[in-house]
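Single-letter residue listing:
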Amino acid sequence: MHALKMAVFDFDGTLVDSVPAIARGIQLANEEIGIAPVSYETAKSIIGLGFKDIIPIVAPDLPESEYGRYKDIYVRYFLQSDPSLKLFPGVLELLCELQDAGIKTAIATGKSRKGLSRIVYRMNVWDYFDDSITADEALPKPDPLMLNTLLERNGLTMDEIVMIGDTEHDIKLGKAAGVRTIAVTWGAAPIERLEAYKPDAIVRTMEALKTKIDEFA
């Protein structure tokens, strides 16, 4: 096993406390477009997927011709919450510790590049990341292209990175790329669902995440 050289983080629900804003935005989009309501739990379950994969789950009766309108409505609602989004407590300290330890950091997200950049620039945290990749630059999770691209761009091998996320989509992404995975419990997926996908570790606190990354290193 090679030494750990990069920690790759999911964004929503892992680094940023945005799960309620996303789920509520989905619910409001269904309401405005006039289709069957979707439960909060189902709306949470899609976090991390690409938009074309999301709509059949939360709006199965919506014709494909309406997908663009649905997305526009959802984005409008999400942007209303955007200014209040914050990093989870301890995220910056963790990223600083990883930098000090010589471990690179990256983001792999189902967001678009525009959406990721807007939030990260507003939070003024770009300097804490060495790389990032979005769903519109690769393929949505759990296709391994996001991680394969990060591996190639950074000259790393599969056993030199770890994928960290709050949903089964992140775990499936990591496993598809052949890398180690850590699931965190403070995001969208309940721990029972995370356990079902057998990540290499499940952590409940930011401090436990730092300890586990140190163990992997």
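Residues numbered from 1 in each chain as written. Predicted model: local features only at pLDDT ≥ 70, side-chain atom pairs only at ≥ 80, totals over all residues. Heavy atoms only, no water.

Novice: Mind showing me how you'd approach the pattern of salt bridges here?
Specialist: One side chain can pair with another of opposite charge once the charged atoms of both are near each other. All chains considered together, the criterion is met by 15 salt bridges. Salt-bridge contacts for Glu160 lead to Lys5; the nearest nitrogen and oxygen are separated by 3.2 Å. Placement of the pair is Glu160 in the loop between helix H7 (145–154) and strand S4 (161–165) and Lys5 in the segment before strand S1 (6–9), with a sequence separation of 155 residues. A relative accessible area of 6% means that Glu160 is categorised as buried. The exposure class assigned to Lys5 is partly exposed, which follows from its relative accessible area of 40%. With its nearest N and O atoms 3.3 Å apart, the salt bridge here joins Asp12 to Lys111. Remark: Lys111 occurs in the loop between strand S2 (104–109) and helix H6 (113–123) and Asp12 occurs in the loop between S1 and helix H1 (19–33); sequence separation between them is 99 residues. (Salt bridge = Lys/Arg side-chain N within 4 Å of Asp/Glu carboxyl O. Helix = DSSP H or I, 4+ residues; strand = E, 2+ residues; numbered from the N terminus. Buried < 20%, exposed > 50% of the residue type's maximum accessible area, 1.4 Å probe, protein only.)

Novice: Help me understand the packing of helix H3 (residues 51–58) against helix H4 (residues 67–81) in this model?
Specialist: Two elements in contact, H3 and H4, have axes whose closest approach is 11 Å; the angle formed by their N-to-C orientations is 90°. Comparing the axis directions of H3 and H4 gives the class roughly perpendicular. Two secondary-structure elements touch here, H3 through Phe51, Ile55, Pro56 and Val58 and H4 through Tyr67, Tyr70, Lys71 and Tyr74. Of the residues assigned to the contact of H3 with H4, the class counts are seven nonpolar, no polar and one charged. (Axes fitted to C-alpha atoms, helices over the stretch in contact; angles between N-to-C directions. Parallel < 35°, antiparallel > 145°, perpendicular 65-115°, else oblique. Contact = heavy atoms within 4.5 Å. Nonpolar A, V, L, I, M, F, W, Y, C, P; charged D, E, K, R; others polar.)

Novice: Which parts of the structure should I look at to understand the pairing of S1?
Specialist: A regular strand carries its side chains on alternate faces of the sheet. The alternating pattern of S1 places Met6 and Val8 and Ala7 and Phe9 on opposite faces, both of which are buried. The sheet contact formed by S1 and S2 spans four bridges and is parallel. From the neighbouring strand, Ala7 faces S2, where its bridge partner is Thr105. The pairing of S1 with S4 spans four bridges and is parallel. Looking across to S4, one finds that Ala7 is bridged to Val162. (Pairing = 2+ DSSP bridges.)

Novice: How do you make sense of the nonpolar core when you look at a structure like this?
Specialist: What tends to happen in soluble globular proteins is that the nonpolar side chains get buried as a cluster. Among the nonpolar cores identified, the biggest contains 58 residues, and Phe9, Ile26, Tyr70, Ile164, Ile182, Leu209 and Ile213 are the most heavily contacted of them. Residue contributions to this core peak at eight residues, all from H1. Beyond its immediate stretch of four places on either side in the chain, Phe9 contacts Thr14, Leu15, Leu94, Leu95, Leu98, Thr105, Ala106, Ile107, Ala108, Met163, Ile164 and Leu209. Core analysis: the next-biggest nonpolar cluster, separate from the first, contains 17 residues, Ala106, Ala108, Ile133 and Leu150 among them. (Core = buried A, V, L, I, M, F, W, Y, C linked by side-chain atoms within 4.5 Å.)

Novice: Just checking my understanding: could you explain the packing of aromatic side chains for this structure?
Specialist: For any pair of aromatic rings, the description consists of the separation of the ring centres together with the inter-plane angle of the planes. Going through the model one piece at a time under the given rule, you end up with five aromatic pairs. Taken together, Phe51, Tyr70, Tyr74 and Phe78 form an aromatic cluster joined through their ring pairs. When the ring centre of Phe51 is taken as origin, the NZ or CZ atom of Lys71, which lies over that ring, is 5.5 Å away. The ring of Tyr77 carries the charged tip of Arg76 above its face, separated from the ring centre by 5.2 Å. (Phe/Tyr/Trp six-rings, centres within 6.5 Å; stacked < 30°, edge-to-face > 60°. Lys NZ or Arg CZ within 6 Å of the ring centre and 35° of its normal.)

Novice: What should I look at first to understand the pairing of strand S5 (residues 180–184) in this one?
Specialist: Within S5, five of the five residues are buried, leaving the element largely enclosed by the surrounding structure. Here S5 shows two buried faces, one formed by Arg180, Ile182 and Val184 and the other by Thr181 and Ala183. Alignment of S4 against S5, held across four bridges, turns out to be parallel. Across the sheet, Val162 pairs through a bridge with Arg180, a residue of S5. Once you follow S4 into helix H8 (residues 168–177) and on to S5, the crossover reads as right-handed. Handedness of the β-α-β unit built from S5, helix H9 (residues 191–196) and strand S6 (residues 201–203) comes out right-handed. (Right-handed = clockwise from strand over helix to strand, strands pointing away.)

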